Amino acid sequence: MENDYTVYAVTDRRFHPDVALIDAVEAAIKGGATMVQLREKQAQGKEFLEQASDLKKMMSRYGVPLIINDRIDIAQIVGAGLHIGQEDIPLKEARKLLPEATIGVSVSTVEQAIEAEQDGATYLGVGSLYPTATKDDASQMTNETLQAIRRAVSLPLVGIGGITHHVVPDLFEMLEGYAVVSALFAAPDIERAAREFKEAVQTARQIVSDRV
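Description of the structure in this document. Owing to the predicted nature of the structure, the values given are computational and were not obtained by experimental measurement. (Residues numbered from 1 in each chain as written. Predicted model: local features only at pLDDT ≥ 70, side-chain atom pairs only at ≥ 80, totals over all residues. Heavy atoms only, no water.)

1. A closer look at the nonpolar core
If you look at soluble globular proteins, the nonpolar side chains tend to sit buried side by side. Counting residues in hydrophobic clusters, the biggest one holds 65 residues, and the most contacted among them are L124 and Y178. The leading source of residues in this core is helix α9 (residues 190-211), at seven residues. (Core = buried A, V, L, I, M, F, W, Y, C linked by side-chain atoms within 4.5 Å. Buried < 20%, exposed > 50% of the residue type's maximum accessible area, 1.4 Å probe, protein only. Helix = DSSP H or I, 4+ residues; strand = E, 2+ residues; numbered from the N terminus.)

2. Thoughts on the packing of helix α5 (residues 110-119) against helix α6 (residues 143-152)
Running from amino to carboxyl end, α5 crosses α6 at an angle of 25°, the nearest separation of the two axes being 9 Å. For the element pair α5 / α6, the angle class is roughly parallel. You can see that α5 and α6 cross each other, and the crossing is right-handed. Contacts from V110, A113, I114 and E117 of α5 reach α6 at A148, I149 and A152. (Axes fitted to C-alpha atoms, helices over the stretch in contact; angles between N-to-C directions. Parallel < 35°, antiparallel > 145°, perpendicular 65-115°, else oblique. Left-handed = near helix turned anticlockwise from the far one by under 90°. Contact = heavy atoms within 4.5 Å.)

3. Notes on unusual backbone geometry
Leaving glycine aside, a negative phi is the common case for residues, and trans is the common case for peptide bonds. In this structure, S128 follows G127 across a cis peptide bond, with omega equal to 15°. For S128, the position within the fold is in the loop between β6 (123-127) and α6. Positive phi is not limited to glycine here, since D70 has a value of about 70°. Here D70 shows up in the loop between β3 (66-69) and α3 (72-78).

4. Things to note about the pairing of β3
Here β3 shows no split at all, with L66 and I68 on one side and I67 and N69 on the other all buried. Pairing geometry for strand β2 (residues 35-38) and β3, over three bridges, is parallel. The residue bridging Q37 from the neighbouring strand is I67, located in β3. Regarding topology, helix α2 (residues 45-62) serves as the crossover connection from β2 to the parallel β3, and that connection is right-handed. For β3 and strand β4 (residues 81-84), the ladder comprises three bridges, and the chain directions are parallel. Each bridged residue has a counterpart across the sheet, and for I68 the counterpart in β4 is L82. Between the parallel elements β3 and β4, the chain passes through α3 in a crossover that is right-handed. (Pairing = 2+ DSSP bridges. Right-handed = clockwise from strand over helix to strand, strands pointing away.)

5. Quick look at the environment of G32
Mapped onto the fold, G32 is located in the loop between α1 (21-31) and β2. Every residue in contact with G32, bar those within four places of it in the chain, is listed here: V7, A194 and K198.

6. Things to note about the pairing of strand β8 (residues 177-180)
Across the two faces of β8 the burial is the same, with G177 and A179 and Y178 and V180 all buried. Across three bridges, the pairing between strand β1 (residues 7-10) and β8 is parallel. Residue pairing in the sheet places V7 in a bridge with Y178 of β8.

7. Observations regarding the sheet that holds β3
Sheets are built from strands paired through backbone hydrogen bonds, the pairs being either parallel or antiparallel. What the eight strands build is a closed barrel, ordered β1-β2-β3-β4-β5-β6-β7-β8; its pairing is parallel. This sheet shows a mean twist of 25° between the axes of neighbouring strands, independent of strand direction. Running over the sheet, α5 touches β5 (103-107) and β6 and is turned about 165° from β5.

8. Some words on the pattern of salt bridges
Following the criterion strictly, the structure yields ten salt bridges and no others. Here R61 ties to E26 by a salt bridge, and the two come within 3.8 Å at their closest N and O atoms. Taken together, the residues span a long stretch of sequence, with R61 in helix α2 and E26 in helix α1 at a distance of 35 residues. A residue is classified by how much of its surface remains accessible, and E26, at 18% relative accessible area, is buried. The salt bridge involving E93 is made with K96; its shortest N-O contact spans 3.4 Å. (Salt bridge = Lys/Arg side-chain N within 4 Å of Asp/Glu carboxyl O.)

Note that all results are geometric; they support no functional claim without further evidence.
In structure tokens:
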């Protein structure tokens with residue numbers, strides 16, 4: 001099954017302390033999330049594994065892929081994909097351990113993007129595209145760099161960092177997907193927020209199609 005990166009939900013329980021993680025993710029999927037990354041920096045090994053296992057079971061019913069942030073051991077155990085950054089386990093080593101899995105890599109330069117494509121990445125996370133409060137050390141990527149990465153590689157690009165449904169028209173022709181954190185999981189109605197995002201992408205797609 002081909003991955004659909006359109007609405008790429010990235011979890012963060014800090015944004016919904018009164019809603020269970022699995023319920024928040026299911027609401028996002030019902031609204032239109034097409035992929036989910038489990039990214040819970042405060043969760044320790046046992047808790048993280050339990051979260052991953054529960055999400056994998058629930059998401060399998062919807063046919064939505066689960067991606068694990070950083071933890072290749074958890075990805076192996078539950079049979080999920082993996083997302084890694086530049087400071088995590090090298091992609092070449094990760095690919096040896098997960099030869100068939102979806103593996104995404106965060107990149108911020110053309111050189112990193114080309115290397116990730118050569119080393120076997122499935123998709124690239126590009127950003128931060130806008131100011132974001134979810135990563136303290138995130139530096140903002142210029143539009144010129146994003147365009148250069150788009151020209152340099154053929155892999156799907158997933159934008160991250162301050163993404164809301166309002167910016168979709170500006171990015172649509174450069175990205176295959178949008179990683180959404182606070183705009184989704186901090187929303188009063190997570191399902192509705194996901195639906196608005198999916199509708200924004202569908203509208204942008206129709207505008208581009210009408211041009212042709």
